[in-house]
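Each chain, letter by letter, is given below.
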Amino acid sequence: MEKVPSLHISKPSPKTSWFNRVYTLVYLIDIFSLVYRHCCNLMIYRSPAFTCHTILLLVADIVLALLWITKQAFFINPVRRQVFPENLSQVVAKESDYPGLDVFVCTADPFKEPPIGVLNTVLSVLAYEYPTDKLSVYVSDDGGSQLTLFAFIEAAKFAKHWLPFCKKYNIMDRSPEVYFGNDYSSNLFPETNEIQGMYKSMKAKIQGVVDQVPFDQLIKDAPSSIKAHFNKWSPEFTRHQHRTIIQVLLKNNQDKDVTGNYMPNLIYLAREKNIGTPHHFKAGALNTLIRVSNVLTNAPIFLVLDCDMYSNDPKTPLRTLCYFMDPGMDPKLAFVQFPQRFHNINRYDTYGAELDPEMRICTEGMDGLGGTMFMGSGGFFRRQALLEKPTDQCGIRDETNEPGDVLALAHRVASCMYEVNTKWGSEIGFRYGVLTEDIYTGFHLQCLGWKSVICNPTRAAFLGHMPIALKDFLSQSNRWYLGLLQAGLSKYSPLTYGFKFLNPFQAICYANLYFRAFWSIPIIIYAFLPQLALLNSVPLFPKVLDPWCLLYIFLFLGAYGNEYVDYVAAGSDFKKWWNSQRMWLIMGSSSWACAIFSWLLTYLNMSALDFNVTSKVSDIEKKERYEKGIFEFGVELPLLLPINVAAIINLFAFLIGIKQVLMNNRRLEEMFVQLFIAGFVVVNSWPIYEGMVLRSDKGRMPTKITLQSFSIALVIYLVFRLSF
């Protein structure tokens, strides 16, 4: 019998080496030793202040220890996978046997998520190297914007030229903005200038509508074929209150490109919204997409994609099939996750947004334990995993030839009342109740016995857009970690519910992800307590020559050194690593702490869940500053206050500590650790000082925030002076 060729293989990650095991054991022993020292100090009563300081340090170190210990679960059995799409033809006889693929692209606000960027994402997946009769792309417009629909009407016209151009010349960058933005002169094809001219014309037309032209007037002057698309908009229509709109812009058995080949399906969807009915943010939009696509195309596999995350590899679906169609793969494979990578990160990675080493450790580690997490974008799902009773329909059926009105049924399943008294959001589809529906849903699927894998090709499958302003980055981080806390502290906590159904180490991995906001506790304690003690000439740590001091040094150097090695192994450099650890400190003192506070308010019913779309818009000056590695402050954001206060207190503590040492050399031995911590924070806070004092551009720290920060720092100093 002829052997079936492999479509993919997996092998242990280098992180399972004996050196890493030994290092982990030694580091764990030192952590327990440090906790033991704190406990011994508590047994020696000196003063109420000393006891309070010791308890705070004990709490900080216990949280650090728990988060570090849970992180080790990622290193139990990490695996790396490799796919062989060239072998697909030996497993699947012909392309017509490929499963159908639906692509879900979600957008919500044309002013925060410019239509040009969204349509570039859609065009890049429409141009996939996949049978067009098997491919359907759905655009979910949660804002119900005429601007977005207009942009996609124009995109559908342009796609009839763009798709055959890409496939004829085997172009890899199938986002027009990316392709025409690159230096392609060496690959100039006969049609390139013509296609580029068409793209520029389309882009200018859409941008003109967004920026200047009154849309009602544009529609009034448009041909009747265009007007027909917008007849459902009325004066009462708002983004929060409107009926369902479904427009089939391209139909794979009718519309052809300029070469005479059929196009993939392109469907626009704006689900019904009612102010009095919960719409459950992105999870609700995805569940509506599942139901509507179930009626219209019902592909066995669907891809969830953020509107700013364009396809960077047209053969990505074939890589996915190497898992779903591998005879040796677990039939309970629910989804294949591709890592999130970003195209607009500068060479310094100023905000530590790349996260490549961190994500590689997490995803590969969880993959070896039963399944990686779903990241919200770049995940190919088996439809059956999210549905109770999948149906058998396929293809957009012509309602004139089918019994009943299929589009009417699609409108019905997109209504805001359809889910009432159903299992949608609880047992079917993407789960509701938290802001991070992605990882929460993946966790639930794995608890039901489904599996998942990470596919990490050398060339990124998708490239997204990260915020280039600190305010957007902090706000996004706050939303993510609030959502993770909601999941971790719910009845579906990995520490309770997860341990019943998952590999225990996989449940611990989820616990580490869910509770990362608690990093803020040790960060805030170490950002303020040693410095305030230094200002009041109170030593908190062992003297330099004390053996216990060596323990602190080893723990600090071991943690930072190990992380740096991970960055280097991932192909990164010192500058990116430094910026990443600095952002860890910044987020720990601001957005993560705010996430805990927001969760508490939500738990006490003093606040309601809200989902703010992260802006993808940036001006030229802001981009120029970002490319130079300059922090972008610019607005009066409350999240900046704790960062500034910590920077100010550490600076004054460091200067006063230096003065004390110069006046009395003996103080250096007992104050060295506190001086080092303060100095370390000062070095990391240089962009903060620069923004407060040295800069005059629009991205500088707002004067009001600076003055408020100095006032708060002074109050904290005066209050704590009484306690020392």
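Residues numbered from 1 in each chain as written. Predicted model: local features only at pLDDT ≥ 70, side-chain atom pairs only at ≥ 80, totals over all residues. Heavy atoms only, no water.

1. Observations regarding the state of the cysteines
Inference 1: Counting across every chain of the model gives zero disulfides.
Inference 2: Unpaired in this structure, Cys-40 has its nearest cysteine sulfur neighbour in Cys-39, at a distance of 7.0 Å. (Disulfide = S-S within 2.5 Å.)

2. Quick notes on the pattern of salt bridges
Inference 1: Taken as a whole, this structure holds 26 salt bridges when the rule is applied.
Inference 2: The residue Glu-621 makes a salt bridge to Arg-625 at a minimum N-O spacing of 3.9 Å. In this pair, Glu-621 and Arg-625 are both assigned in helix α23 (residues 620-627), four residues apart and thus about one turn of the helix distant.
Inference 3: On the accessibility criterion, Arg-625 (10% relative accessible area) is buried.
Inference 4: Here Arg-625 ties to Glu-632 by a salt bridge, and the two come within 2.8 Å at their closest N and O atoms. As far as burial versus exposure is concerned, Arg-625 and Glu-632 are alike and both buried.
Inference 5: By sharing partners, the salt bridges in this structure join Glu-621, Arg-625, Glu-632, Arg-695 and Asp-697 into a single network. (Salt bridge = Lys/Arg side-chain N within 4 Å of Asp/Glu carboxyl O. Helix = DSSP H or I, 4+ residues; strand = E, 2+ residues; numbered from the N terminus. Buried < 20%, exposed > 50% of the residue type's maximum accessible area, 1.4 Å probe, protein only.)

3. Quick word on the confidence of the model for the protein
Inference 1: Across the protein, the average pLDDT comes to 89, with 92% of residues at 70 or higher.
Inference 2: Put simply, helix α8 (residues 215-221) is where the protein has its lowest mean pLDDT, 64, and strand β11 (residues 379-382) is where it has its highest, 98.
Inference 3: Considering only residues more than four positions removed or in separate chains, one finds that residues 390-403, a stretch of pLDDT under 50, has 27 contacts. (pLDDT = per-residue confidence, 0-100. Contact = heavy atoms within 4.5 Å.)

4. Quick look at the sheet that holds strand β13 (residues 462-464)
Each strand in a sheet pairs with another by means of backbone hydrogen bonds, the pair being arranged parallel or else antiparallel.
Inference 1: One open sheet holds the three strands; their spatial order is β8-β13-β10, and the pairing between them is mixed. Looking at the sheet topology across the chains shown, the edges are occupied by β8 (310-311) and β10 (341-342).
Inference 2: Both β10 and β13 contribute to a ladder of two bridges, which runs parallel. Bridging from a neighbouring strand, Phe-342 pairs with Gly-464 of β13. (Pairing = 2+ DSSP bridges.)

5. Focus: the packing of helix α17 (residues 494-501) against helix α18 (residues 504-514)
When two helices pack together, their arrangement is given by the angle between the helix axes and by the axis-to-axis distance.
Inference 1: In the contact formed by α17 and α18, the axes pass within 8 Å of each other and the chain directions differ by 155°. Compared by their axis directions, α17 and α18 come out roughly antiparallel. Here the hand of the crossing between α17 and α18 comes out right-handed. Two secondary-structure elements touch here, α17 through Pro-494, Leu-495, Gly-498 and Phe-499 and α18 through Pro-504, Ala-507, Ile-508, Tyr-510, Ala-511 and Tyr-514.
Inference 2: Residues belonging to the contact of α17 with α18 are distributed by class as follows: nine nonpolar, one polar and no charged. (Axes fitted to C-alpha atoms, helices over the stretch in contact; angles between N-to-C directions. Parallel < 35°, antiparallel > 145°, perpendicular 65-115°, else oblique. Left-handed = near helix turned anticlockwise from the far one by under 90°. Nonpolar A, V, L, I, M, F, W, Y, C, P; charged D, E, K, R; others polar.)

6. So, unusual backbone geometry
Inference 1: We note that Asn-170 has phi near 50°; this positive angle belongs to a residue other than glycine.
Inference 2: Note that Asn-170 resides in the loop between α5 (146-168) and α6 (176-181).
Inference 3: Positioned with a positive phi, His-280 is a non-glycine residue whose angle comes to about 60°.
Inference 4: Tracing the chain through its elements places His-280 in the loop between β6 (265-270) and α10 (281-296).
Inference 5: With relative accessibility at 30%, the residue His-280 sits in the partly exposed group.

7. Digging into the nonpolar core
Inference 1: Trp-162 and Phe-380 are the most contacted members of the largest nonpolar core, which totals 153 residues.
Inference 2: With 14 residues, the top contributor of residues to this core is α5.
Inference 3: Among the nonpolar cores identified, the runner-up in size contains 32 residues, and Leu-286, Val-292, Val-304 and Phe-381 belong to it. (Core = buried A, V, L, I, M, F, W, Y, C linked by side-chain atoms within 4.5 Å.)

8. Considering the sheet that holds β11
Inference 1: Here we have eight strands laid out as an open sheet, ordered β5-β6-β4-β3-β7-β11-β9-β12, and mixed in their pairing. Here the strands that pair on one side only, and so sit at the sheet edges, are β5 (245-250) and β12 (451-454). Across the sheet, the mean angle separating the axes of adjacent strands is 20° when strand polarity is ignored.
Inference 2: As defined by bridge partners, strand β7 (residues 301-306) adjoins β11 across four bridges and the pair is classed as antiparallel. When the sheet's bridge partners are listed, Phe-302 is paired in β11 with Phe-381.
Inference 3: Packed onto the sheet, helix α4 (residues 115-126) meets β3 (101-107), β4 (135-141), β6 and β7 and runs at close to 165° relative to β4.

9. Describing the packing of helix α16 (residues 470-488) against helix α21 (residues 574-589)
Inference 1: Where α16 meets α21, the closest approach of the two axes is 11 Å, and the angle between their N-to-C directions is 65°. In terms of orientation, α16 and α21 fall into the roughly perpendicular class. Handedness of the α16/α21 crossing: right-handed. Between α16, through Leu-470, Phe-473, Leu-474 and Ser-477, and α21, the contact on the second element is made entirely by Met-583, Ile-586 and Met-587.
Inference 2: Per-class residue counts for the contact of α16 with α21 are six nonpolar, one polar and no charged.

10. Examining the side chain of Asn-252
Inference 1: Residue placement: Asn-252 occurs in the loop between β5 and β6.
Inference 2: A residue is classified by how much of its surface remains accessible, and Asn-252, at 12% relative accessible area, is buried.
Inference 3: Only 3.4 Å separates the side chain of Asn-252 from the backbone oxygen of Asp-133, close enough to count as a polar contact.
Inference 4: In this structure Asn-252 touches Thr-132, Asp-133, Tyr-262, Met-263, Pro-264 and Asn-265, once residues within four positions along its chain are discounted. (Polar contact = N/O pair within 3.5 Å; in protein donor to acceptor, adjacent residues only side chain to side chain.)

11. A closer look at the packing of aromatic side chains
How two aromatic rings sit relative to each other is given by the distance of their centres and the angle of their planes.
Inference 1: Enumeration over the complete set of coordinates arrives at 58 aromatic pairs.
Inference 2: Between Phe-574 and Trp-578, the aromatic rings sit 6.2 Å apart at their centres with planes inclined by 25°, giving stacked as the arrangement. Of this pair, Phe-574 and Trp-578 are both found in helix α21, four residues apart, which corresponds to roughly one turn of the helix.
Inference 3: Look at Trp-578 and you get buried, because its relative accessible area is 17%.
Inference 4: Grouping aromatic residues by their ring pairs yields a cluster made of Phe-556, Tyr-560, Tyr-564, Phe-574, Trp-577, Trp-578, Phe-672, Phe-676 and Phe-680.
Inference 5: The ring of Trp-424 has Arg-291 lying over it, and the distance from NZ or CZ to the ring centre is 4.8 Å.
Inference 6: The residue whose ring lies beneath Lys-332 is Trp-450, and the NZ or CZ to ring-centre distance is 4.0 Å. (Phe/Tyr/Trp six-rings, centres within 6.5 Å; stacked < 30°, edge-to-face > 60°. Lys NZ or Arg CZ within 6 Å of the ring centre and 35° of its normal.)

12. Description of the pairing of β3
Inference 1: Most of β3 is tucked away: seven of the seven residues are buried.
Inference 2: The alternating pattern of β3 places Leu-101, Val-103, Val-105 and Thr-107 on one face and Asp-102, Phe-104 and Cys-106 on the opposite face, and all of these are buried.
Inference 3: Regarding topology, α4 serves as the crossover connection from β3 to the parallel β4, and that connection is right-handed.
Inference 4: Examined bridge by bridge, β3 and β7 share six bridges and lie parallel to one another. When the bridges of β7 are listed, Phe-104 appears paired with Val-304. (Right-handed = clockwise from strand over helix to strand, strands pointing away.)

13. So, the side chain of Asn-346
Inference 1: When you line up the elements, Asn-346 lands in the loop between β10 and α12 (356-367).
Inference 2: Looking at Asn-346, its side chain comes within polar contact range of the main-chain oxygen of Tyr-626, at 2.5 Å.
Inference 3: Excluding anything up to four places from it in sequence, Asn-346 contacts Tyr-626, Glu-627 and Gly-629.

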